[in-house]
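Per-entry structural report
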Amino acid sequence: MIGRRLLNGSAPGGISGRRMTDPRTIEPIAARGWPAAEEGALGGWRLHASSGQSGRINTCWPMAAPDRSADEAIAAAEDWYLRRGLTPRFKLIEGFGDPPDLAERLAARGYRPDTPTLTMVGPLRGEIDAEARVTDARCADFDAVFADPAFGQSEDALERLGALARIPRPRGFAVIRMDGEAAAVGVCAIEGEWAGIMGMRTAPSFRRRGLARRLFRTLTAFAAAAGARRGYLQVDEDNASAIALYEAEGFVGSYLYRYWTRA
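Everything numeric here is computed off the predicted structure, so don't read it as measured data.

Rules of the game
- Residues numbered from 1 in each chain as written.
- Predicted model: local features only at pLDDT ≥ 70, side-chain atom pairs only at ≥ 80, totals over all residues.
- Heavy atoms only, no water.
- Helix = DSSP H or I, 4+ residues; strand = E, 2+ residues; numbered from the N terminus.
- Contact = heavy atoms within 4.5 Å.
- Areas by Shrake-Rupley, 256 points an atom, 1.4 Å probe, with all protein chains shown as cover.
- Lys, Arg positive; Asp, Glu negative; His and termini not counted.
- Charge placed at Lys NZ, Arg CZ, Asp CG, Glu CD.
- pLDDT = per-residue confidence, 0-100.
- Expected span 1.5 Å × (residues − 1).
- Buried < 20%, exposed > 50% of the residue type's maximum accessible area, 1.4 Å probe, protein only.
- Phe/Tyr/Trp six-rings, centres within 6.5 Å; stacked < 30°, edge-to-face > 60°.
- Lys NZ or Arg CZ within 6 Å of the ring centre and 35° of its normal.
- Pairing = 2+ DSSP bridges.

1. Focus: the overall build of the protein chain
A tally of helices and strands in the protein chain yields seven helices and 11 strands. Its C-alpha atoms give the protein chain principal-axis dimensions of roughly 55 × 40 × 30 Å. Long-range pairs, those at least 24 residues apart, make up 72% of the contacts in the protein chain between residues at least 6 apart in sequence. Looking at the protein chain as shown, the accessible area adds up to about 11700 Å², and 48% of this sits on carbon and sulfur atoms. For the protein chain, the distance from the average position of its 35 positive side-chain charges to the average position of its 33 negative side-chain charges is 2 Å.

2. A short note on the confidence of the model for the protein chain
Looking at the protein chain, pLDDT values average 92 and 93% of them are 70 or higher. Across residues 1–18, where pLDDT falls below 50, the model places 49 contacts with residues more than four positions away in sequence or in other chains.

3. A word on helix 5 (residues 154–166)
The terminal C-alpha atoms of helix 5, which comprises 13 residues, lie 19 Å apart, in line with the 18 Å expected from a rise of 1.5 Å per residue. Those residues of helix 5 that sit buried are Asp156, Ala157, Glu159, Leu161, Ala163 and Leu164. Buried residues belonging to helix 5 abut helix 4 (140–146), strand 7 (171–178), strand 8 (181–191) and strand 9 (194–202).

4. Quick look at the packing of aromatic side chains
For the coordinates displayed, the defined rule picks out nine aromatic pairs. Grouping aromatic residues by their ring pairs yields a cluster made of Trp45, Phe90 and Tyr111. Over the ring of Trp80 we find Arg84, and its NZ or CZ is 3.9 Å from the ring centre. We note Arg201 situated over the ring of Phe146; from NZ or CZ to the ring centre the distance is 4.0 Å.

5. Here we look at helix 6 (residues 211–225)
The end-to-end C-alpha separation of helix 6 is 21 Å, in line with the 21 Å expected for 15 residues at 1.5 Å each. Inspection of helix 6 places Leu211, Leu215, Phe216, Thr218, Leu219, Thr220, Ala221 and Ala223 among the buried residues, and these make up the whole buried set. Looking at the buried side of helix 6, the elements it contacts are strand 6 (132–135), strand 7, strand 8, strand 9, strand 10 (230–236) and helix 7 (240–248).

6. Notes on the pairing of strand 11 (residues 252–262)
Counted residue by residue, strand 11 has 10 buried out of 11 residues, so it is predominantly covered. In the sheet, strand 4 (residues 89–93) pairs with strand 11 via five bridges, with the strands oriented antiparallel. Bridging across to strand 11, Lys91 finds its partner in Tyr259. Judged from the nine bridges that link them, strand 5 (residues 111–123) and strand 11 form a sheet pairing that is antiparallel. When the bridges of strand 11 are listed, Asp114 appears paired with Tyr259.

7. Considerations on unusual backbone geometry
For the bond from Asp98 to Pro99, the omega torsion is 5°, close enough to zero to count as cis. Within the secondary structure, Pro99 sits in the loop between strand 4 and helix 3 (102–108). Residue Pro170 is bonded to the preceding Arg169 through a cis peptide linkage, with omega at 5°. Relative to the elements of secondary structure, Pro170 occurs in the loop between helix 5 and strand 7. Phi angles above zero are rare outside glycine, and Asp179 is one such case at about 50°. One can find Asp179 in the loop between strand 7 and strand 8. With a phi close to 65°, Arg208 is a non-glycine residue in the positive phi region. On the secondary structure map, Arg208 appears in the loop between strand 9 and helix 6.

Here it is as C-alpha cells:
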C-alpha cells in the first residue's frame, strides 16, 4: 500500500485515536454536507465537480466497486473531468477504496498523492457563545469574513460560498462579533446523528484571541440542540494548531485521505 495506513485507530503525525469510524458511514454524509455543483457515478465511484477549486467537490471518490474494470473506470473518470475543463483527481482513503490496488494503478499512470487530510470525529458539547449569532442562511457579515482575501483567491471563495449555500437544512451559519465587527465565522451541516463542522475562519485582525475555540463550541452546541450526537470534520494533517484545538474538545483522528493528481 502506497502511503501510511491508519492502524488500530491511530492516525499519523502523533494524533491519538480510537477505533476507526467506518469511512463508508461518514463519507456519504460528508458529500451531502459539502455538496458539489454537479455529481455523477461510475457504479460505486462518485464523481464530484464544481469550478475546480476545493478538493472535495472536484474529485472522484472511489468508495465501492465501479461498474466496469478499474482501468476503464479511471479512463472514464478522466474523461468526465476533462469534458468539464477540470483536472482529473481522485480522493483515496488509506485502507479503503475499490479496487484495493487503486493507488498503485494511479501511480502507474503518473498520478501522485498530495494534501494529506485527517478526518476527525468526536462528541458534540459546549455552549453557544454570548457574542454569536447562528442562522440557517448566510449573511453579509458571514460572507465578508469568509471571503477575506487573506484566505485565498476570490474564485476559491466563490466556489466555497456556493457549496455552503447548497448545504441542506438543518444547518447553522455562525458569526461571532467583537468590537462591533464580524470577527469569526463557521458552519455546521446536520444529518441525523451526525454534524459536519466546517468553514471556520477568523478575520485577520481578530486572530489569537481564542475565537476558534469559541466558534467551535458554538457550532457543536447548535448541532447538539438540533438533535445530532456526533461530529466530524476534515483538517490538513500538517495543521498542528487546529488539530490540537479539536483534540482538546474531544475529537480524535479517524482516517486519512489524500488527493491523487497526475504529475
